[in-house]
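Results of the structural survey
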2 protein chains.
Amino acid sequence: MAHEVSPLMLPLPAMPPVPGVAIATGAAGIRYKAREDVTMMVFPAGTTVAGVFTRNQCPGAPVDWCRAALPAGRARALLVNAGNSNVFTGRAGREACAATAGAMAKLVGCKPKEVFLASTGVIGEKLPTEKYVAALPGIVAKTGADGWHAAARAIMTTDTFAKGATRTAKIGDATVTISGIAKGSGMIMPDMATMLSFLATDAKIPAPVLQAILKRGIGPSFNSVTVDSDTSTSDTVLLFATGATKHAKVPAEGGPMLRDFTRAVHAVLMELALMVARDGEGAQKLIRIDVTGAVSAKSAHRIGMSVANSPLVKTAIAAADANWGRIVMAVGKAGEPAERDKLSIGVGGTWMAREGELVPGYDEAPVTAHMQGREVVIQVDLGLGRGKASVFTCDLTHAYIDINGSYRS
Amino acid sequence: MAHEVSPLMLPLPAMPPVPGVAIATGAAGIRYKAREDVTMMVFPAGTTVAGVFTRNQCPGAPVDWCRAALPAGRARALLVNAGNSNVFTGRAGREACAATAGAMAKLVGCKPKEVFLASTGVIGEKLPTEKYVAALPGIVAKTGADGWHAAARAIMTTDTFAKGATRTAKIGDATVTISGIAKGSGMIMPDMATMLSFLATDAKIPAPVLQAILKRGIGPSFNSVTVDSDTSTSDTVLLFATGATKHAKVPAEGGPMLRDFTRAVHAVLMELALMVARDGEGAQKLIRIDVTGAVSAKSAHRIGMSVANSPLVKTAIAAADANWGRIVMAVGKAGEPAERDKLSIGVGGTWMAREGELVPGYDEAPVTAHMQGREVVIQVDLGLGRGKASVFTCDLTHAYIDINGSYRS
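Residues numbered from 1 in each chain as written. Chains lettered and ligands numbered in written order. Predicted model: local features only at pLDDT ≥ 70, side-chain atom pairs only at ≥ 80, totals over all residues.

**Overview of the environment of G217(A)**
Residue and element names in this part refer to chain A. Along the chain, G217 falls in helix α5 (residues 207-218). Put simply, G217 and V265 are 48 residues apart on the chain and 7.5 Å apart in space, counted from C-alpha to C-alpha. Excluding residues within four positions of it along the chain, G217 makes contact with V265, H266 and L269. (Helix = DSSP H or I, 4+ residues; strand = E, 2+ residues; numbered from the N terminus. Contact = placed C-beta atoms within 7 Å.)

Rendered as structure tokens:
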């Protein structure tokens, strides 16, 4: 687990308290020794919640739990453990969810279905429920306003750095805060691979409005990031709104008064998603793929993902090799409309190939120089329409093999 | 290019002449120095041909050339170069095809459209047509019956061993031979990634029948092999039938008299496809994934491919890590019908998880022992229906990164 910190690491920003959110972390010894592995947040009555989950057909028991709880739109607590994902654990997994949510509900004084759960770590091992439950009272006793940084660290598994982001926004004359943490560095691919992210705000937002804002923000952020094309069974993004700060009442349909708030939520989502790409297992370079000229935005997204998931493209970028032929290949294999003789490929602002041919007098030097940096931008123009999308990934290096050939050992 | 020979290498079998096929190889210096890089076969009048090509939307010029020539069903020559794929070369690429096929046609005394072309190597660089054409007369002069082994070597690029297979079959009382060669070790994924394969037989088979036999054989062989999920722009399989051996006339609709012949063609295809998996870039282990209990054969194939293309599964196998949770994840991400609580996962004949849970008393030792071998079998049973499929891949190792971070240098 002790991998070198990613060279693309960003430091945690200052994360002030979010009114209404009480946080604590602690050690239950679920898998890791000598580190905190449990994170909890406690919210006041009236807190609303929105969530987005993995589309993997074999989700973990906590994902099933949250999906069942979400329609009520109410939350009083979040409880997360690292080290064991409680995935593919059958009836024991369901029982573990009921037991931990039940214990937490008693401590908080709410219904079990108002406790949201997430687990991350090894698949297929039973969650040691007794240990976990036994640790909860001590952790609840420590809850306070200032735990965001500790929480960002306590949810990590193979992450090499803690991930957090925060923004403020105006709702009418009031200022609210939106803060979030995330974990994830491998098995990252839409939809939501081994990635957990928890956001909270002190705004008072009806649950359906909150859900719509979250869902719209996931597309260009977490669902546009891929590390290895693998999709986790546990991916979860939850957004809690405590309503602890007074502001003009948000109508049931949301509307223009939430414009700044929505922008801020989306900015936090994007910042967290990019941190996940920056911590991609073995990543040495952050890669952005800008696709333009596709027949639709959806087609552009798929083509971008095909490039972002191509091992041949990712290894070439790791070697700063301006091998644009592999980009052509990856565009062509996407199964989306593409015409070879209209296709243009560029790197770092230099077009290498235009309309199906190498640009006359093409000079590889500036491209190679760009590729030797930490952030690489690939441009793909299909020349067919106005669809565009940007997706994010990282390069594929020896460290990915090291990390994933030894995760459980 | 000088990578260590795959530990999964199989030696070339003895490959006797195929009546009607004249082969030669030679060096045109297209990219490589001091090795043969041109392969040709010359066929008698009346030779029929079948072909299957990449579904990549940005195919190389030679693929376009062959697709246009194929409907006539007639072939007099095959001309292949290694080192330059003539892909994404625009008008120059089309002109290079016309020039090389034209030159070859003059030497053989046929129409240019009876010359089938293939190129493999770097994408996006113009084929040095003059050098190539200048080398042809000297190579044609050497054509003879015994060149199969030299041809298998001359079409290699990143391959670490030459690939060939041969079978005989009865058509009525006559015995015919089916021989084939293949190249490919990366960018291998359906449909037909950076993979070239050329088969020839002395049987006399109408072109439409030949095409049907080839097409049916591709599904379980080349289209069930993946190395890295990348799909080449050049993949081509061609099957030539010279008709040089007398046998009972094959009717236009084929039929039962071709049962043995079909089986032999399919056996050659399967053997060659497995050799490509065995030479997967950086491969240390050959992996077979047997999927059963899916809702259909197509669904089983897709689930198998999802497992076979998962970097997390492939790195775990490289490390002989019995991480069945990653297999669950890869099944779940396939987007095919799967129910977690009916799913069973096994390795090497040992069921690890049954119907959504770890098998009670599961002992990892025999699984780990199996995974330490050179050939690993993964079993996935969906418990939903009768659909089944087997797919083949290799593990993902440091050598893959080495090879693909330096291919052009």
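**Observations concerning the sheet that holds strand β15 (residues 387-394) of chain A**
Residue and element names in this part refer to chain A. With mixed pairing, the six strands of this open sheet are ordered in space as β13-β12-β11-β14-β10-β15. Each edge of the open sheet carries a strand with a single partner, namely β13 (357-358) and β15. Across three bridges, the pairing between strand β11 (residues 344-347) and strand β12 (residues 350-354) is antiparallel. Bridge pairing in β12 links G346 to W351. (Pairing = 2+ DSSP bridges.)

**Observations concerning the sheet that holds strand β15 (residues 387-394) of chain B**
In space, the six strands of this open sheet follow the order β13-β12-β11-β14-β10-β15 (chain B), with mixed pairing throughout. Both edges of this open sheet fall to β13 (357-358) and β15 of chain B, since each of them pairs with a single strand only.

**Here's the deal with the pairing of strand β11 (residues 344-347) of chain B**
Residue and element names in this part refer to chain B. With four bridges connecting them, β11 and strand β14 (residues 375-381) associate as antiparallel partners. By the bridge assignment, I345 is partnered in β14 with V380. Two successive antiparallel strands, β11 and strand β12 (residues 350-354), enclose a turn made up of two residues, where G348 displays a positive phi of approximately 60 degrees.

**Observations concerning the relation of the copies chain B and chain A**
Superposing chain B onto chain A requires a rotation of 180 degrees together with a translation of 0.0 Å along the rotation axis, leaving an RMSD of 0.0 Å. Given the turn and translation reported, the copies of this chain are related as if by a two-fold rotation axis. Taking C-alpha positions as the reference, the residue of chain B nearest the rotation axis is H398(B), at 2.8 Å. Taken as a fraction of all interface residues of chain B, those also at the interface in chain A reach 100%, which identifies the copy contact as same-surface. (Least-squares fit on C-alpha atoms with pLDDT ≥ 70 in both.)

**So, the interface of chain B and chain A**
Contact with chain B, which involves 51 residues of that partner, is made by 51 residues of chain A. When residues of the side of chain B that touches chain A are traced back to their parent elements, those giving at least two are α8 (311-318), α9 (324-332), β13 and α11 (398-404) of chain B. Tallying contributions element by element places α9(B) first for the side of chain B that touches chain A, with seven residues. Grouping the amino acids of the side of chain B that touches chain A by side-chain chemistry returns 22 nonpolar, 21 polar and eight charged. (Nonpolar A, V, L, I, M, F, W, Y, C, P; charged D, E, K, R; others polar.)

**Some points on the environment of I205(B)**
Assignment of secondary structure puts I205(B) in the loop between β8 (196-201) and α5 (207-218). Considering only alpha carbons, one finds I205(B) and P251(B), 46 residues apart in sequence, at a separation of 8.5 Å.

**Notes on the packing of helix α7 (residues 297-308) of chain A against helix α9 (residues 324-332) of chain A**
Residues and elements named next belong to chain A. In the contact formed by α7 and α9, the axes pass within 8 Å of each other and the chain directions differ by 130 degrees. When the interaxial angle is binned, α7 and α9 end up oblique. Between α7 and α9 lies a crossing whose hand is right-handed. On α9, the residues that touch I303, S306 and V307 of α7 are I327, A330 and V331. Considered class by class, the residues forming the contact of α7 with α9 number five nonpolar, one polar and no charged. (Axes fitted to C-alpha atoms, helices over the stretch in contact; angles between N-to-C directions. Parallel < 35°, antiparallel > 145°, perpendicular 65-115°, else oblique. Left-handed = near helix turned anticlockwise from the far one by under 90°.)

**Observations concerning the domain arrangement of chain A**
Residues and elements named next belong to chain A. Per the domain assignment, the segments of chain A are domain 1 (22-278) and domain 2 (286-404). Counting from both sides, the interface comprises 10 residues of domain 1 and, opposite them, 11 residues of domain 2. The class makeup of the residues in the side of domain 1 that touches domain 2 is four nonpolar, five polar and one charged. (Domains from an automatic or database assignment.)

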